[in-house]
Amino acid sequence: MGEGGDRRRREEGSGRRQRKGGRREGMREGGRGRRKGGDFGRRGWGGESNLEFGFCNYQLTCFSRKLPTPPQPLHPTSDVIIFSSLQTNTPLCSSLPLSRFQITSPTHKKTVVMGSSGFSWKLKDHPKLPKGKTVAVVVLDGWGEANPNEYNCIHVADTPTMDSLKKGAPERWRLVRAHGTAVGLPTDDDMGNSEVGHNALGAGRIYAQGAKLVDMALETGKIYEEEGFKYIKECFENGTLHFIGLLSDGGVHSRLDQLQLLLKGASERGAKRIRVHILTDGRDVLDGTSVGFVETLENDLAKLREKGVDARIASGGGRMYVTMDRYENDWDVVKRGWDAQVLGEAPHKFKSAVEAVKKLREIPNTNDQYLPPFVIVDDNGKAVGPIVDGDAVVTFNFRADRMVMIAKALEYKDFDKFDRVRFPKIHYAGMLQYDGELKLPSHYLVSPPVMERTSGEYLVHNGIRTFACSETVKFGHVTFFWNGNRSGYFNRELEEYVEIPSDSGITFNVQPKMKAIEIAEKARDAILSRKFDQVRVNLPNSDMVGHTGDIQATIVACKAADDAVKIILDAIEQVGGIYVVTADHGNAEDMVKRNKKGEPLLDKNGNIQILTSHTLQPVPIAIGGPGLAAGVRFRQDVPDGGLANVAATVMNLHGFEAPSDYEPTLIEVVDK
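Residues numbered from 1 in each chain as written. Predicted model: local features only at pLDDT ≥ 70, side-chain atom pairs only at ≥ 80, totals over all residues. Heavy atoms only, no water.

Within the chain one finds 16 helices and 23 strands. By the burial criterion, 59% of the 672 residues in the chain qualify as buried. On the chain, roughly 26,800 Å² of surface is accessible, and the fraction owed to carbon and sulfur atoms is 47%. (Helix = DSSP H or I, 4+ residues; strand = E, 2+ residues; numbered from the N terminus. Buried < 20%, exposed > 50% of the residue type's maximum accessible area, 1.4 Å probe, protein only. Areas by Shrake-Rupley, 256 points an atom, 1.4 Å probe, with all protein chains shown as cover.)

So this is what it looks like as structure tokens:
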């Protein structure tokens, strides 16, 4: 899979992940609003208005576990509708009852759950754990667990509260996975991030993030209905549509078949002039395979030209030498790509991309990864596809880490990393949003997954009064992302969300304490008011300050977060409640780049190379408080537990059993 010594850190990639054992296996059902023996037409439920599906496509999903069906009565804003009965002769999952089928209509954006049994949001009572205890859920953002050393800011910082949780009760402190497949990312080389982390924490299940989500959007055609595609389509009439990305079928950063589908879909929807700026691989696939990939793409573009679409490869270069740098390691890599893609300038010029790749590979010590930049020119020696005003640009990699830097160059008006010479007025969209904290890019083709039946929604339906709070930079994480990428309240009468404005106009290392104490005081007041059953907060310090690369400031940030945790835990002590303290991903526990041996990397001047990204490290989770039953401890039979297991755990601590399709709880109750 290739990223050498940098494997320990990966960026995010967002559909559901296919699980071992076949929990969810998606199939697409095309056709009209009828199937053999069954009517998908005007059927309603619960006295609500009927839904007319008409003629549209459906996605059919088979569940190997029982899927709860919607509530009674149907909530006015619910996107779920029940069919009390449905005749079908489909061979798909024919051994399973109909209650295990779910149909999604991309056209109407509705989910239809078929089944003969009634649904209830009512959760079963936990057989051993009582209700009525106030539960504080504290998420330390960017707080991972790593070996103690001088670059581990959490270790260096004075953090007596978190230290006491780790050392106090071993059966009530453990580590959980917060990266890779544990949070729905394609591989375990992918770093976790705040968005997918809070998705997993709140949803209690693992949803596909990244390549699988793109696959689903392309398969259903939903990608062309999203705002991102509509945004770039505004340029089709008079401008050129540019695609920039890794030309490979390696499946780590991109896939050729996804690009092929985008080319076909865009041309069918009005794109008249298309240019592709290729980056050759040789890292996630065998070196030398670039020639075959380019030939395949050239054949596809030739077929588009036969249909009247002016489609050509415009520039290229090797992924490690052109465009795809990461973590702001070497902006010259991005500049080489910018010069070729935007300015139409490169040291090598060719009439065709196949010729370019073949000739450049003949240069000694040159391979696919390090192919020098080139541009394709016409008979007059003029570049065939520089990016200019009025054009649309799509970066088609689904993985984020090596797209963030070029995204900044394409999107930011204020930019000082290199001289762009000119900054064209374009419509730019990423395949996905590559950085949720920076909202970068601001337009993207595939939106995050919509998650149903999140823990927050279940708990509200069971009368749990909820308070959620953070400062601006992470407020959306304890609300929107926690609730399955859904805005607003489930029940305004039972929920209160409080946002504390973040500092503005300064970098976070200038005020590393941020608003941690203010958040903790809001949580304390909510706990002591006894008006809420769950008080949920995010403390952003270790992540947001860690991203600045300022080690001393990050140490201060970690102490501030620890102080805030103490305030919250003291309040829980006063009301006889329960606490759950965890994190969403790592960051501050390792602030230096390392080689394959794990040793710090030095720059040419002998200085350490600071690392500002997330990590692949696990994160802690601790439970406790006077309200926690004596026999509660972490289970030993969930060694690979991840963030998605936390939701069922929290439900248990509220006195409920979790839904059967949630990831299993991390706790058990041992009779003493």
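Strand-to-strand pairing in sheets goes through backbone hydrogen bonds, with the strands running parallel or antiparallel. The seven strands lie next to each other as β13-β14-β12-β11-β10-β15-β16, forming an open sheet whose pairing is mixed. Each edge of the open sheet carries a strand with a single partner, namely β13 (348–350) and β16 (427–430). This sheet shows a mean twist of 20 degrees between the axes of neighbouring strands, independent of strand direction. The sheet contact formed by strand β11 (residues 273–280) and strand β12 (residues 310–318) spans eight bridges and is parallel. Looking at the pairing, R273 lines up with D310 of β12. (Pairing = 2+ DSSP bridges. Axes fitted to C-alpha atoms, helices over the stretch in contact; angles between N-to-C directions.)

Next up on the list: the pattern of salt bridges. Going through the model one piece at a time under the given rule, you end up with 39 salt bridges. Between D257 and R255 there is a salt bridge, with the nearest N and O atoms lying 2.8 Å from each other. Taking the relative accessible area as the measure of exposure, R255 reaches 18% and is therefore buried. As a salt-bridge pair, D339 and K335 come within 2.9 Å of each other at their nearest N and O atoms. Of the two residues, D339 and K335 both sit in helix α8 (residues 331–341), four residues apart, roughly one turn of that helix. Taking the relative accessible area as the measure of exposure, D339 reaches 16% and is therefore buried. For K335, a relative accessible area of 26% gives the class partly exposed. Members of the salt-bridge network, linked through shared partners, are D190, R326, R399 and D401. (Salt bridge = Lys/Arg side-chain N within 4 Å of Asp/Glu carboxyl O.)

Relative to the helices and strands, H126 is located in the loop between β7 (110–114) and β8 (135–140). Measuring from C-alpha to C-alpha, the distance between H126 and L653 comes to 8.8 Å, with 527 residues separating the pair along the chain. Among all residues touching H126, those that are not within four sequence positions of it are N652, G655, F656, E657 and V669. A distance of 3.0 Å separates the side chain of H126 from the backbone nitrogen of K128, its partner in a polar contact. (Contact = heavy atoms within 4.5 Å. Polar contact = N/O pair within 3.5 Å; in protein donor to acceptor, adjacent residues only side chain to side chain.)

On to the sheet that holds strand β19 (residues 534–539). Here we have seven strands laid out as an open sheet, ordered β9-β21-β20-β8-β19-β17-β18, and mixed in their pairing. The open sheet has two edge strands with one neighbour each: β9 (173–176) and β18 (495–500). Here the average twist between neighbouring strands, direction ignored, is 15 degrees. The pairing of strand β17 (residues 466–471) with β18 spans six bridges and is classified as parallel. Across the sheet, the residue bridging to S470 is E499, located in β18.

Turning our attention to the packing of aromatic side chains. The tally for this structure, following the rule as stated, stands at 13 aromatic pairs. Taking the centre distance of 5.3 Å and the plane angle of 85 degrees together, the rings of F119 and W121 count as edge-to-face. With relative accessibility at 7%, the residue F119 sits in the buried group. We classify W121 as buried; its relative accessible area is 9%. With a centroid separation of 5.2 Å and 80 degrees between ring planes, the pair formed by F415 and F418 is classed as edge-to-face. Since its relative accessible area comes to 16%, F415 is described here as buried. Feature note: the residues F119, W121, Y458 and Y662 constitute an aromatic cluster, connected by ring pairs. Over the ring of Y224 we find R269, and its NZ or CZ is 3.7 Å from the ring centre. (Phe/Tyr/Trp six-rings, centres within 6.5 Å; stacked < 30°, edge-to-face > 60°. Lys NZ or Arg CZ within 6 Å of the ring centre and 35° of its normal.)

It is worth spelling out the confidence of the model for the chain at this point. Looking at the chain as a whole, the pLDDT averages 84, with 82% of positions reaching at least 70. The model gives residues 1–117 a pLDDT under 50, and that stretch makes 305 contacts with residues more than four places away or in other chains. (pLDDT = per-residue confidence, 0-100.)

What follows deals with the side chain of T649. Tracing the sequence through the fold places T649 in helix α16 (residues 645–653). Leaving out residues up to four positions away in the same chain, T649 has contacts with T665, L666 and I667.

Attention now goes to the pairing of β19. Most of β19 sits inside the fold, with six of its six residues counted as buried. Direction of pairing for β8 relative to β19: parallel, over a ladder of six bridges. Looking at the pairing, V138 lines up with V537 of β19. In this structure, β17 lies alongside β19, joined through four bridges in parallel fashion. Across the sheet, the residue bridging to C469 is V537, located in β19.

Time to look at the environment of D603. With respect to the helices, strands and loops of the structure, D603 is situated in the loop between β20 (578–583) and β21 (619–624). Given the relative accessible area of 29%, D603 is considered partly exposed. Engagement of the side chain of D603 in a polar contact is seen with the backbone nitrogen of N605, the distance being 2.9 Å.

What follows covers helix α13 (residues 516–529). Since the α-helix advances by 3.6 residues per turn, residues separated by three or four positions end up pointing in the same direction. Over its 14 residues, α13 extends 20 Å from the first C-alpha to the last, a length consistent with the 20 Å expected when each residue adds 1.5 Å. Here α13 has its buried residues at A516, I519, A520, A523, A526 and I527. The arc that holds the buried residues of α13, viewed along the axis, is 125 degrees, so those residues lie on one side. In this structure, the buried residues of α13 make contact with β8, β17, β18, β19, α14 (541–544) and α15 (551–575). Residue R530 follows α13 closely and has a positive phi angle near 60 degrees. (Expected span 1.5 Å × (residues − 1). Arc of directions from axis to C-beta.)

Moving on to the side chain of D284. Examined against the element boundaries, D284 turns out to sit in the loop between β11 and α7 (290–306). A distance of 2.9 Å separates a polar atom in the side chain of D284 from a polar atom in the side chain of R319.

Here we take up unusual backbone geometry. Residue P441 is reached from L440 by a cis peptide bond, and omega for that bond is -10 degrees. Locating P441 in the fold gives a position in the loop between β16 and α11 (455–461). A positive phi is found at K439, a non-glycine position, where the angle reads about 55 degrees. Topologically, K439 is positioned in the loop between β16 and α11. A relative accessible area of 47% means that K439 is categorised as partly exposed. Residue M514 is not a glycine yet carries a positive backbone phi of 50 degrees.

Right, let's talk about the packing of helix α2 (residues 160–168) against α15 for a bit. Two elements in contact, α2 and α15, have axes whose closest approach is 7 Å; the angle formed by their N-to-C orientations is 65 degrees. By the criterion of interaxial angle, the relationship of α2 to α15 is roughly perpendicular. Taking contact as the criterion, the partners of P160, T161, M162 and L165 in α2 are, on α15, D562, V565, K566 and L569. In terms of residue class, the contact of α2 with α15 is made up of five nonpolar, one polar and two charged. (Parallel < 35°, antiparallel > 145°, perpendicular 65-115°, else oblique. Nonpolar A, V, L, I, M, F, W, Y, C, P; charged D, E, K, R; others polar.)

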